[in-house]
Amino acid sequence: MATHAQKYCDELYRRVVERNANEPEFHQTVKEVLGSLVDVIEKHPEYIELGIVERIVEPERQFMFRVPWMDDAGNVQVNRGFRVQFNSAIGPYKGGLRFHPSVNLSIIKFLGFEQTFKNSLTSLPMGGGKGGSDFNPRGKSDAEVMRFCQSFMTELYRYIGPDTDVPAGDLGVGGREIGYLFGQYKRIKGSFENGVLTGKGLSFGGSLARPEATGFGISYFCQEMLKSKGTSFEGKTVALSGFGNVTWGTAIKVTELGGKVVTLSGPDGYIYDPDGVNGEKIDYLLEMRASCRDKVQDYADKYGVAFFPGEKPWGVKVDVVIPCATQNDIHTEDAKKIVANGVKFVCEGANMPCTNEAVDYFLANGVYVGPSKAANAGGVSVSGLEMSQNSMRIAWSFEEVDAKLKDIMLNIYRNASMAAEEYGHKDNLVIGANIAGFIKVAEAMKAQGLV
Ligand code: 2IT
């Protein structure tokens, strides 16, 4: 018999789908989160009565704007810009900007929704937001990227600020883009407010360890998962996907912790390096990214390893799987191969890299799953620490930031794991992370009245 809470969640999900047609990624994350909250809502009927759950699935504010710019050949280009301010119950909106041709409102809303719970899990005072553009960085010159960033910020600046909304990077937005965006913001505002963006260069308020933070955080989180089952990265083979910032940081730390990274992937296929992606081969990922070619085959050509065009690395036999590329990288048929290979640990590095069905398949087959909103929260955590340093006008050492990051990740693991156990879902970190992230936001919303 479906409980009242279950019926409420089913009906709310139906309405979300109806009111937000053509937003499959947003539906996907709402379905996953609502599915995790039934027991909590059962225990806290006020979350229904006060409309907390109904409000939490509706962004506070959404902006879409025109971004006109001129390419090097003198042609006018028009892209679309987005910023979704999802939830400000526990702090200023905080979340990255994604520049990728696939970007649309559905993708930005899914990311903003996830970010709300992720930021809550970090224990730092950050609300949830996300933005970006369908601008395609592939093959663009430095000057084109700068002109695009300037035009994008000329519109975005009116919606953001150090105490209102603090963007950062995501796919396609790294240190170079944040530099151009900050320069334009500073010029328009006529004051030096560097807390408005994170992921900045070190010379103007960036934090040490921010580039490494997402991947290091994933590795620390995954290490806790392994430790809780009496094992470690030592001697384990690890399949990563992607070759960008998250993959880079994860490869460094996993290698340092004794694991061997054997795969990377790109839009063109995947590479298999039986000797491990380590040392200068990890540095080469930075070059591959900076080239804007978007090809992982470059790695295979340079180091003479196998390249599998058009394929994903999920059929490779390894001990640990960490998808670090983008959403919906692992479908049920991939999950089946992973389970058949005897993998016991899947830790999500990218945002929502597994479909809901793939996650269900893993859980049903005894795979320990680290959900992205917990496992990849290290990036935004160090963004939060960057905001603290900017407010205090001081800079911490790499070791200080890394130590705080590690503490935060252990804390997230503990909270997710305890929440799962408390609500009768031991070892289901997906449910645990959703519950732990939700409760803090819900309590803040409850205290702040109907807003
Ligand atoms: O998905 C993410 O957490 C990010 N892209 C980082 C966001 C941030 O504000 O640092």
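Now for a quick tour of the structure. (Residues numbered from 1 in each chain as written. Predicted model: local features only at pLDDT ≥ 70, side-chain atom pairs only at ≥ 80, totals over all residues. Heavy atoms only, no water.)

**Here's the deal with the sheet that holds strand β3 (residues 93-99)**
In step 1: Ordered in space as β1-β2-β4-β3-β5, the five strands form an open sheet in which the pairing is mixed. The two strands at the open ends of the sheet, each matched to only one other strand, are β1 (61-70) and β5 (165-169). Strand-to-strand twist of the sheet, defined as the mean angle between neighbouring strand axes without regard to direction, takes the value 20 degrees.
In step 2: Here β3 pairs with strand β4 (residues 127-133) via five bridges, running parallel. Looking at β4, one finds that Lys94 is bridged to Gly128. (Pairing = 2+ DSSP bridges. Helix = DSSP H or I, 4+ residues; strand = E, 2+ residues; numbered from the N terminus. Axes fitted to C-alpha atoms, helices over the stretch in contact; angles between N-to-C directions.)

**As for the layout of surface pockets**
In step 1: Each pocket or cavity is described by its volume, and for the second largest pocket that value is around 380 Å³.
In step 2: Contributions of two or more residues to the lining of the second largest pocket are made by α1 (4-19), α2 (24-43), α13 (356-364) and α17 (429-447).
In step 3: Residues of the lining of the second largest pocket, tallied by class, amount to nine nonpolar, five polar and five charged. (1 Å grid on protein atoms, 1.4 Å probe; cavity = no way out; pocket = protein on both sides within 12 Å on 5 of 7 lines; lining within 4 Å. Points joined across faces, edges and corners; volume = space filled by probe spheres on them. Nonpolar A, V, L, I, M, F, W, Y, C, P; charged D, E, K, R; others polar.)

**A few points about the site of the ligand**
In step 1: Inspection of the region around the ligand gives 14 residues, with Lys94, Lys118, Asp170, Arg210 and Ser383 positioned closest.
In step 2: Taking Arg210, its side chain carries an N or O atom lying 2.9 Å from an oxygen atom of the ligand.
In step 3: At 3.0 Å from an oxygen atom of the ligand is found a side-chain nitrogen or oxygen belonging to Asn351.
In step 4: The fraction of the free accessible surface of the ligand (300 Å²) that becomes covered by protein chains is 93%.
In step 5: At the level of secondary structure, the elements contributing two or more residues to the shell around the ligand comprise β3, α5 (105-121), β5 and α15 (378-392).
In step 6: Its residues assigned to classes, the shell around the ligand shows two nonpolar, seven polar and five charged. (Near = heavy atom within 4 Å. Polar contact = N/O pair within 3.5 Å; in protein donor to acceptor, adjacent residues only side chain to side chain. Areas by Shrake-Rupley, 256 points an atom, 1.4 Å probe, with all protein chains shown as cover.)

**Considering the pairing of β5**
In step 1: Across the five residues of β5, four count as buried, placing the element largely inside the fold.
In step 2: Note that β3 and β5 share five bridges and pair parallel. Across the sheet, Gly96 pairs through a bridge with Ala168, a residue of β5. (Buried < 20%, exposed > 50% of the residue type's maximum accessible area, 1.4 Å probe, protein only.)

**Things to note about the sheet that holds strand β9 (residues 306-309)**
In step 1: One open sheet accounts for seven strands, arranged β9-β8-β7-β6-β10-β11-β12; its pairing is mixed. The strands lining the two open edges of the sheet, one partner per strand, are β9 and β12 (368-370). Going across the sheet, the axis of each strand differs from the next one's by a mean of 15 degrees, ignoring polarity.
In step 2: Relative to strand β7 (residues 260-266), strand β6 (residues 237-240) is paired through three bridges, and the arrangement is parallel. Counterpart to Thr237 in the pairing with β7 is Lys260.

**Observations regarding the pattern of salt bridges**
In step 1: Counted under the stated rule, the structure contains 26 salt bridges.
In step 2: Among the salt bridges present, the one from Glu11 reaches Arg14, with a minimum N-O distance of 2.8 Å. Separated by three residues within a single helix, Glu11 and Arg14 lie in helix α1, roughly one turn from each other.
In step 3: Looking at Glu11, the relative accessible area reads 34%, which means it is partly exposed.
In step 4: Taking the shortest distance from any N to any O, the salt bridge between Glu58 and Arg19 comes out at 3.6 Å. Taken together, the residues Glu58 in the loop between α4 (52-56) and β1 and Arg19 in helix α1 connect sequence positions 39 residues apart.
In step 5: For Glu58, a relative accessible area of 35% corresponds to the partly exposed category.
In step 6: Given the relative accessible area of 62%, Arg19 is considered exposed.
In step 7: One salt-bridge network, in which partners are shared between bridges, spans Glu11, Arg14, Arg15, Glu18 and Glu54. (Salt bridge = Lys/Arg side-chain N within 4 Å of Asp/Glu carboxyl O.)

**Things to note about a nonpolar patch on the surface**
In step 1: Nonpolar side chains collect at one region of the surface, where Met70, Val76 and Val78 lie side by side and expose about 300 Å² of accessible area between them.
In step 2: Note that Val78 resides in strand β2 (residues 76-87). (Patch = residues over 30% accessible without salt bridge, like charges linked within 9 Å, V, L, I, M, F, W, Y side chains within 5 Å.)

**Points about the side chain of His27**
In step 1: Counting through the fold element by element, His27 comes out in helix α2.
In step 2: Since its relative accessible area comes to 12%, His27 is described here as buried.
In step 3: Once residues within four sequence positions are removed from consideration, His27 is found in contact with Tyr13, Val16, Val17, Asn20 and Asn22. (Contact = heavy atoms within 4.5 Å.)

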